[in-house]
Amino acid sequence: MSAATILVTGGAGYVGSHSVVQLLTQGFKVVVVDNLVNASQECLKRVEEITGKEVISIPVDLCDKDELDNVFTKYKINCVLHFAALKAVGESVSMPLNYYRNNVGGSITLLEVMKAHNVKKMVYSSSATVYGTPQKLPLTEDHPTGLGCTNPYGKSKHFVEEILKDLVKSDDAWSVISLRYFNPVGAHESGKIGEDPKGIPNNIMPYIAQVAVGRRKDLKVFGNDYNTPDGTGVRDYVHIQDLAMGHVAALTKILTPNFSGWKVYNLGTGSGLSVLQLVKAFEVASGQKVPYEIVGRRPGDIDASYADVSLAKKELCWEATKDVLDMCRDTWKWQSTNPNGYQVSK
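Residues numbered from 1 in each chain as written. Predicted model: local features only at pLDDT ≥ 70, side-chain atom pairs only at ≥ 80, totals over all residues. Heavy atoms only, no water.

The chain is annotated in an unreviewed UniProt entry as UDP-glucose 4-epimerase of Cryptotermes secundus. Under Subunit (unreviewed entry), UniProt gives the following word-for-word description of the chain: "Homodimer." Of the chain, the UniProt comment under Sequence similarities (unreviewed entry) reads exactly: "Belongs to the NAD(P)-dependent epimerase/dehydratase family." (UniProt positions renumbered as here; feature names shortened; annotations may be inferred.)

Set out below in structure tokens:
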């Protein structure tokens, strides 16, 4: 049987690119579509260096139905890995229409084109933000979603999940796996690809790394009066390589002949780390000091969030294998060898 061809939307982004590396390594054929708004073509060149394989990459915006249709006409796609989305929480609050147009509108366009070409298998890149404020911890897949989603980014992920559920209900030829992941961190162990946010990082790990490499003065820690052991927010950080393997596991499952319907899996480590624990681990892994300043809480932030990952272990045969020192060490290797990310200094 010939290898399946996987369309990866947002394949030049952080999670997408690491997943493309794993897909190519596992023998899948990959076609990447990415509008490069939050990504870099340089990243895909490095994916080719790491894997020794060519990446077919097409600069397409998911809202452009005709261009997307051309891709499906040209390539025989078996399944779609859908990563493409705008993802800055703060920006989503100030630009909600942009987020709904891209994340929800783009997903609908993609699904319409998939349906027209009879491609009815998707692995969706969702997020733990759909759980809103946790009613209980650890978070299980049956926890209510959409309640207490505090920003348009989280809501857009929830809305797309609802659309996918309705689609599967309407036509049992569809198969969708939604992967709700917690806090992706780290980088490929080669140091060639990693997280390269444009502007001020929204996520903590690249911010810590930029402080350690001297690009930023100090880390702002938002609040130290949470109901946690050291007062700082606790999150479930998962290594990007583990996350990429989770996508391969989901893809393998969805391509089995007897799989159909809608399924959700949490991807995380199953335990939480506080902001200060992460800072200390980074200092150990990098040998650099990370100065920080405690400032006021951010609106909408919660005390703690971490996953119950037993379902993914049972049904996908997947579990995270890398610890916080691996996460910090690999982030530091990426940041210290690429202080300006993918931007090549003149």
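## Points about the UniProt feature "domain: NAD(P)-binding" (unreviewed entry) in the chain
In the UniProt entry, the feature "domain: NAD(P)-binding" (unreviewed entry) is given for residues 7–331. Counting secondary structure, residues 7–331 comes out at 40% helix and 17% strand; the distance between its end C-alpha atoms is 27 Å. (Helix = DSSP H or I, 4+ residues; strand = E, 2+ residues; numbered from the N terminus.)

## Details of helix α3 (residues 65–74)
Every buried residue of α3 is accounted for by Leu-68, Val-71 and Phe-72. What you see down the axis of α3 is that its buried residues fit within an arc of 95 degrees, all on one side. Opposite the buried face of α3, by more than 90 degrees, sit the exposed residues Asp-66, Thr-73 and Lys-74. Turning to α3, the residues buried within the fold contact β1 (5–9), β2 (29–33), β3 (56–58), β4 (79–82) and α5 (96–116). (Buried < 20%, exposed > 50% of the residue type's maximum accessible area, 1.4 Å probe, protein only. Arc of directions from axis to C-beta. Contact = heavy atoms within 4.5 Å.)

## Quick word on the sheet that holds strand β11 (residues 261–267)
Strands sit in the order β3-β2-β1-β4-β5-β6-β11 across an open sheet of 7 strands; the sheet is parallel. Looking at the sheet topology across the chains shown, the edges are occupied by β3 and β11. This sheet shows a mean twist of 20 degrees between the axes of neighbouring strands, independent of strand direction. Packed on one face of the sheet, helix α8 (residues 240–254) meets β1, β4, β5 (121–127), β6 (175–181) and β11 and runs near 160 degrees to β6. (Pairing = 2+ DSSP bridges. Axes fitted to C-alpha atoms, helices over the stretch in contact; angles between N-to-C directions.)

## Re the packing of aromatic side chains
Geometrically, a pair of aromatic rings is defined through the distance of the ring centres and the angle of the planes. Applying the stated rule across the entire model yields 4 aromatic pairs. With a centroid separation of 6.5 Å and 35 degrees between ring planes, the pair formed by Tyr-131 and Phe-182 is classed as tilted. Within this pair, whereas Tyr-131 is found in the loop between β5 and α6 (152–170), its partner Phe-182 is found in the loop between β6 and β7 (183–185), the two being separated by 51 residues in sequence. Assessed through its relative accessible area of 0%, Tyr-131 is described here as buried. (Phe/Tyr/Trp six-rings, centres within 6.5 Å; stacked < 30°, edge-to-face > 60°.)

## With respect to the packing of helix α7 (residues 204–212) against helix α9 (residues 275–286)
Interaxial distance between α7 and α9 falls to 11 Å at its minimum, and their mutual angle equals 40 degrees. As far as their axial angle goes, α9 and α7 are oblique. Two packed elements cross with a definite hand, and for α7 against α9 that hand is right-handed. Residues Ile-204, Met-205, Ile-208, Ala-209 and Ala-212 of α7 touch α9, and the partners they reach there are Val-275, Leu-278, Val-279 and Phe-282. (Parallel < 35°, antiparallel > 145°, perpendicular 65-115°, else oblique. Left-handed = near helix turned anticlockwise from the far one by under 90°.)

## Examining the packing of helix α1 (residues 14–25) against α8
α8 packs onto α1 with a crossing angle of 60 degrees between their chain directions and a minimal axis gap of 8 Å. In terms of their interaxial angle, α1 and α8 are classed as oblique. Note on packing geometry: the crossing formed by α1 with α8 is right-handed. Contact residues: α1 offers Tyr-14, Val-15, His-18, Ser-19, Gln-22 and Leu-23, while α8 offers Ile-240, Gln-241, Leu-243, Ala-244, Met-245, His-247, Val-248 and Leu-251.

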